[in-house]
Amino acid sequence: TATAGLVLVSARRRIREHDRALSLIDKLSETIASLGNAWMVAQLGIERGLVALESGDVGTAEKCIRSSLATFVEKDQYPDVSRTLDAAGLVANSAGRGDQAVRCFAAAQALRTTLGLVALPPDVETVSDVCDSLRTSLGAQRFTEAWDIGSSASAEDVATILGE
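Residues numbered from 1 in each chain as written. Predicted model: local features only at pLDDT ≥ 70, side-chain atom pairs only at ≥ 80, totals over all residues. Heavy atoms only, no water.

Draft legend 1. Quick peek at the confidence of the model for the chain. When the pLDDT values of the chain are averaged, the result is 91; 97% of them are 70 or greater. When pLDDT is averaged over each element of the chain, helix 8 (residues 140–152) comes out on top at 96 and helix 9 (residues 158–162) at the bottom at 69. (pLDDT = per-residue confidence, 0-100. Helix = DSSP H or I, 4+ residues; strand = E, 2+ residues; numbered from the N terminus.)

Below you can see the structure in the form of structure tokens.
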């Protein structure tokens, strides 16, 4: 099934089998797109974006993550919005946009709190490490200001979160 394929893609990405993950994403995307399943296409977009990010292609990562985020917001898929905002934060951090990264992480956390969700342990560790680094590089006051903006923005207010 497509869901099993998504789990396999994520596992391959997490163990750094990027070529195998991308190959599977391509196969699944072709099939899923023909069925009109925008939600699954967006899920695969997150994975494609994270593979690109881990491979150093920030531009492709950003394009994929933003596309998935727009789909999830449009379809009111808020649990997926929170995960995608974390991914957007990782992209922003890699692009040197620390304030934007903090806003994304804060918005994701606020949304999870509202929905009563928790992030997956490997994602929590990654985001926590990046936030610790950003708190140091931005300074406590600037970090807190960005966090406050992100945590008070609504999920639909992607432009504010992303700083556009």
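There is more to say, and it comes next.
Draft legend 2. Region of the structure containing the packing of helix 6 (residues 98–115) against helix 8. Put simply, helix 6 and helix 8 touch, their axes get as near as 7 Å, and they point 45° apart. With respect to their mutual orientation, helix 6 and helix 8 come out oblique. When you trace helix 6 past helix 8, the crossing you get is right-handed. Facing helix 6, whose interface residues are Asp99, Val102, Arg103, Phe105, Ala106, Ala107, Gln109 and Ala110, helix 8 presents Arg142, Phe143, Ala146, Trp147, Ile149, Gly150 and Ser151. When its residues are assigned to classes, the contact of helix 6 with helix 8 shows 9 nonpolar, 3 polar and 3 charged. (Axes fitted to C-alpha atoms, helices over the stretch in contact; angles between N-to-C directions. Parallel < 35°, antiparallel > 145°, perpendicular 65-115°, else oblique. Left-handed = near helix turned anticlockwise from the far one by under 90°. Contact = heavy atoms within 4.5 Å. Nonpolar A, V, L, I, M, F, W, Y, C, P; charged D, E, K, R; others polar.)

Draft legend 3. Summary view of unusual backbone geometry. The backbone of arginine 16 sits at a positive phi, close to 70°, despite the residue not being glycine. Structurally, arginine 16 can be placed in the loop between helix 1 (2–14) and helix 2 (18–35). Backbone geometry at aspartate 76 places phi at a positive 55°, although glycine is not the residue there. Structurally, aspartate 76 can be placed in the loop between helix 4 (58–74) and helix 5 (78–94). Residue class for aspartate 76 comes out partly exposed when judged on its relative accessible area of 47%. (Buried < 20%, exposed > 50% of the residue type's maximum accessible area, 1.4 Å probe, protein only.)

Draft legend 4. Summary view of the environment of alanine 4. Counting through the fold element by element, alanine 4 comes out in helix 1. Using a relative accessible area of 45% as the deciding quantity, one classes alanine 4 as partly exposed. When the C-alpha positions of alanine 4 and cysteine 131 are compared, they lie 31 Å apart, and in sequence the two are 127 residues distant.

Draft legend 5. Region of the structure containing the packing of aromatic side chains. Counted according to the given criterion, the structure contains 1 aromatic pair. A cation over a ring is seen here: arginine 135 above phenylalanine 143, with NZ or CZ 4.3 Å from the ring centre. (Phe/Tyr/Trp six-rings, centres within 6.5 Å; stacked < 30°, edge-to-face > 60°. Lys NZ or Arg CZ within 6 Å of the ring centre and 35° of its normal.)

Draft legend 6. Main features of the side chain of histidine 18. By the element assignment, histidine 18 lies in helix 2. Here the side chain of histidine 18 touches glutamate 54 through a polar contact of 2.8 Å, side chain to side chain. Setting aside its immediate chain neighbours within four residues, histidine 18 contacts Arg13, Val51, Glu54 and Ser55. (Polar contact = N/O pair within 3.5 Å; in protein donor to acceptor, adjacent residues only side chain to side chain.)

Draft legend 7. Here's a closer look at empty space enclosed by the protein. Counted by the stated rule, this structure contains 1 cavity of 30 Å³ or more. Here the largest cavity is characterised by a volume of approximately 50 Å³. Secondary-structure elements contributing two or more residues to the lining of the largest cavity are helix 4 and helix 5. Classifying every residue of the lining of the largest cavity gives 5 nonpolar, 1 polar and 3 charged. (1 Å grid on protein atoms, 1.4 Å probe; cavity = no way out; pocket = protein on both sides within 12 Å on 5 of 7 lines; lining within 4 Å. Points joined across faces, edges and corners; volume = space filled by probe spheres on them.)

Draft legend 8. A look at the layout of surface pockets. Of the volumes computed, that of the largest pocket is approximately 560 Å³. As for the largest pocket, its lining consists of 25 residues, of which Arg13, Arg14, Leu50, Leu90 and Asp123 are closest to the centre. Those elements that place two or more of their residues in the lining of the largest pocket are helix 1, helix 3 (38–54), helix 5 and helix 7 (121–138). A total of 9 residues in the lining of the largest pocket trace back to one element, the largest contributor, which is helix 5.

Draft legend 9. Spotlight on the pattern of salt bridges. This structure, assessed with the given rule, holds 13 salt bridges. The partner of arginine 13 in a salt bridge is glutamate 54, and the shortest N-O contact between them spans 3.3 Å. With a gap of 41 residues between them, arginine 13 in helix 1 and glutamate 54 in helix 3 connect regions that are remote in the sequence. With a relative accessible area of 5%, arginine 13 lands in the buried category. Linking glutamate 62 and arginine 97 is a salt bridge whose minimum nitrogen-to-oxygen distance equals 2.5 Å. In this pair, glutamate 62 is assigned in helix 4 and arginine 97 in the loop between helix 5 and helix 6, connecting sequence segments 35 residues apart. Overall, the relative accessible area of 18% leaves glutamate 62 in the buried class. (Salt bridge = Lys/Arg side-chain N within 4 Å of Asp/Glu carboxyl O.)

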